[in-house]
Amino acid sequence: MKQLTIEETALDNLKEIAEKNGTPVFIIDHEKIRQNYRIFLEALPRVQAYFAVKANSNPEIVKTLYNVGASFDVASFPEFMVVYENIKSLPEKERQDFIWDKIIYANTIKRIETLHELDPYKPLVTYDNIEELKKIKDHAPHAGLVLRIRVPNTGSMVELSSKFGAHPGEAVDLIIEAFKTGLVVEGISFHVGSQCNNFENYMQALQLSASIMKESESRGHKIKILDIGGGFPVKYNSKVKSFRTLARKLNTEFDRLFPKDIEILAEPGRFMVANAATLVTKIIGKAVRDGKTCYYLDDGVYHTFSGIVFDHCTYPLKAFKEGELKVCAVFGPTCDAFDTISVAEELPELEIGDLLYAENIGAYSIASSTYFNGFPPAKVVHINK
Ligand SMILES: *Cc1c(COP(=O)(O)O)cnc(C)c1O
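As the structure is a computational prediction, the values presented were derived from the model and not from experiment.

Before going further, it helps to spend a moment on the site of the ligand. In the vicinity of the ligand lie 14 residues, with Lys-54, Ser-194, Glu-267, Arg-270 and Tyr-364 positioned nearest. Between the ligand and Asp-73, the relevant distance is 3.0 Å, taken from a nitrogen atom to a side-chain nitrogen or oxygen of the residue. Within the backbone of Arg-270, one N or O atom sits 2.8 Å away from an oxygen atom of the ligand. Among the residues making up the shell around the ligand, the classes are represented as four nonpolar, five polar and five charged.

Structure follows, in structure tokens:
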């Protein structure tokens, strides 16, 4: 039975890269990244895309997106610097004007040391509680603020609302409080949860944001920025709803609920990179346990397959060989039984030394790879840069 989904030439190419570089090898296709950016832009013409660097913080990805005009969502000072690297060659004046257009620091909780490091750049930062507001006032008084509100995350693959976002009922008070201390709230943000397959989350979030903005304006504080966060779904399988449908709904609501002059930004992470990377890994061991064939690979859940744990994602494995598919188990290389990629994968009969590949593994994968057991993260190879 034929199991191959990508063309033979692309397969030969993957194999060649693996043979040349060794395995595990994480292959990033920059043309796919540029294509994803274009798709996003065309579908949401009023929105500026701030790529959420945490999805895949490889500096070459940041550079590619920077070159096509993207902006960035960062959540730590090191991520900030990965982006700033691209900006720092600009003349001083331009650089300062540029920074809000290019970077939002979208982690609502910041170390005091980080606030000190950020302050000279006069960054745009998010907050969602009064203690954080005091910290920003004391340690990064030059920052512009974006209030993150808590919105429904129902039906998203990764839930965020338990940890982040001010209750909508407190939002206006938090805005007024910020202005009272002399800070300026520039925007409102939310995140509907990652890989959101329930578009109602976005609709409710927009509704909530619009009413908070209205009330804030009626109390003398006009909000200029609407940040719709991430969550844009990737077509991992046929059950995922269409991004274009979501985009159409969003565009309608932007026009219906918000003033024409509002600046709209989004923080897509997964959407920009998920389908832009393929992993090639090698079978390093084989055993039959309780009648089931078990394959041991040179990559696992402590490494590129970390998304199985942290991202609640699955990455179907495919062989380069053809043959009758049989149910088998697939494990990673570490000395931990938790390092299990699948207990029910369907693969042809394979041997030690055979290669496997996993597609659509570009987001929340290598970014959370560890060095557990002394095994380093997969080698990265860039194509179509
Ligand atoms: C992770 C994250 C994103 C990116 O989310 P995706 O679902 O990958 O698009 C955007 N904004 C914030 C604040 C995040 O924490």
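That was the structure; now back to the text.
Taken domain by domain, the chain comprises domain 1 (6-27 + 274-383) and domain 2 (30-273). One C-alpha centre belongs to domain 1, the other to domain 2; they are set 33 Å apart. Taken together, both faces of the contact between domain 1 and domain 2 bury some 1,500 Å²; the carbon and sulfur share is 51%. Along the contact surface separating domain 1 from domain 2 lie one salt bridge. With a closest N to O distance of 2.8 Å, Arg-270 and Asp-311 form a salt bridge. Along the contact surface separating domain 1 from domain 2 lie nine residue pairs in polar contact (both at pLDDT 80 or more).

Right, let's talk about the environment of Ser-209 for a bit. Tracing the backbone through its elements, the reader meets Ser-209 in helix 9 (residues 200-218). Exposure remark for Ser-209: the relative accessible area of 0% places this residue in the buried category. Put simply, Ser-209 and Phe-190 are 19 residues apart on the chain and 8.4 Å apart in space, counted from C-alpha to C-alpha. Excluding residues that lie within four positions of it along the chain, Ser-209 makes contacts with Ile-149, Ile-188, Phe-190, Leu-226 and Phe-258.

This brings us to the packing of aromatic side chains. Under the definition given, this model contains 15 aromatic pairs. Consider the rings of Phe-232 and Phe-243, whose centres lie 6.2 Å apart with planes at 85 degrees: the pair is edge-to-face. Of the two residues, Phe-232 is situated in the loop between strand 10 (225-227) and helix 10 (243-257) and Phe-243 in helix 10; the sequence distance between them amounts to 11 residues. By the burial criterion, Phe-232 is buried, and Phe-243 matches it. Put simply, the rings of Phe-40, Tyr-202, Phe-232, Phe-243 and Phe-271 touch in pairs and so form one group of aromatic residues. Seen from the ring of Tyr-66, Lys-102 lies directly overhead, with NZ or CZ sitting 5.2 Å from the centre. Here the basic side chain of Lys-241 rests over the ring of Phe-199, its NZ or CZ set 5.4 Å away from the ring centre.

Moving on, we come to the environment of Gln-35. Position of Gln-35 relative to the elements: it lies in helix 2 (residues 30-43). Taking the relative accessible area as the measure of exposure, Gln-35 reaches 36% and is therefore partly exposed. Sequence separation between Gln-35 and Gln-48 is 13 residues; the distance between their C-alpha atoms is 16 Å.

In an α-helix there are 3.6 residues to a turn, and that puts residues three or four apart on one side. Where helix 4 (residues 77-87) is concerned, the buried positions are Phe-77, Glu-79, Phe-80, Val-83, Tyr-84, Asn-86 and Ile-87. In an axial view of helix 4, the angular spread of the buried residues amounts to 165 degrees, which keeps them on one side of the axis. Against helix 3 (59-67), strand 3 (71-74), helix 5 (92-102), strand 4 (103-105) and helix 6 (112-118) lie the buried residues of helix 4. The opening residue of helix 4, the one whose side-chain oxygen lies 3.2 Å from the backbone nitrogen of Glu-79, is Ser-76.

Right, let's get into the packing of helix 8 (residues 168-180) against helix 9. Where helix 8 contacts helix 9, the axes come no closer than 10 Å and their chain directions differ by 35 degrees. In the crossing of helix 8 with helix 9, the sense of the turn from one axis to the other is right-handed. On the side of helix 8, the interface is formed by Pro-168, Ala-171, Val-172 and Ile-175, while helix 9 contributes Leu-208, Ile-212, Glu-215 and Ser-216.

Thresholds applied
Residues numbered from 1 in each chain as written. Predicted model: local features only at pLDDT ≥ 70, side-chain atom pairs only at ≥ 80, totals over all residues. Heavy atoms only, no water. Near = heavy atom within 4 Å. Polar contact = N/O pair within 3.5 Å; in protein donor to acceptor, adjacent residues only side chain to side chain. Nonpolar A, V, L, I, M, F, W, Y, C, P; charged D, E, K, R; others polar. Domains from an automatic or database assignment. Buried area = accessible area lost by both parts, 1.4 Å probe. Salt bridge = Lys/Arg side-chain N within 4 Å of Asp/Glu carboxyl O. Helix = DSSP H or I, 4+ residues; strand = E, 2+ residues; numbered from the N terminus. Buried < 20%, exposed > 50% of the residue type's maximum accessible area, 1.4 Å probe, protein only. Contact = heavy atoms within 4.5 Å. Phe/Tyr/Trp six-rings, centres within 6.5 Å; stacked < 30°, edge-to-face > 60°. Lys NZ or Arg CZ within 6 Å of the ring centre and 35° of its normal. Arc of directions from axis to C-beta. Axes fitted to C-alpha atoms, helices over the stretch in contact; angles between N-to-C directions. Left-handed = near helix turned anticlockwise from the far one by under 90°.

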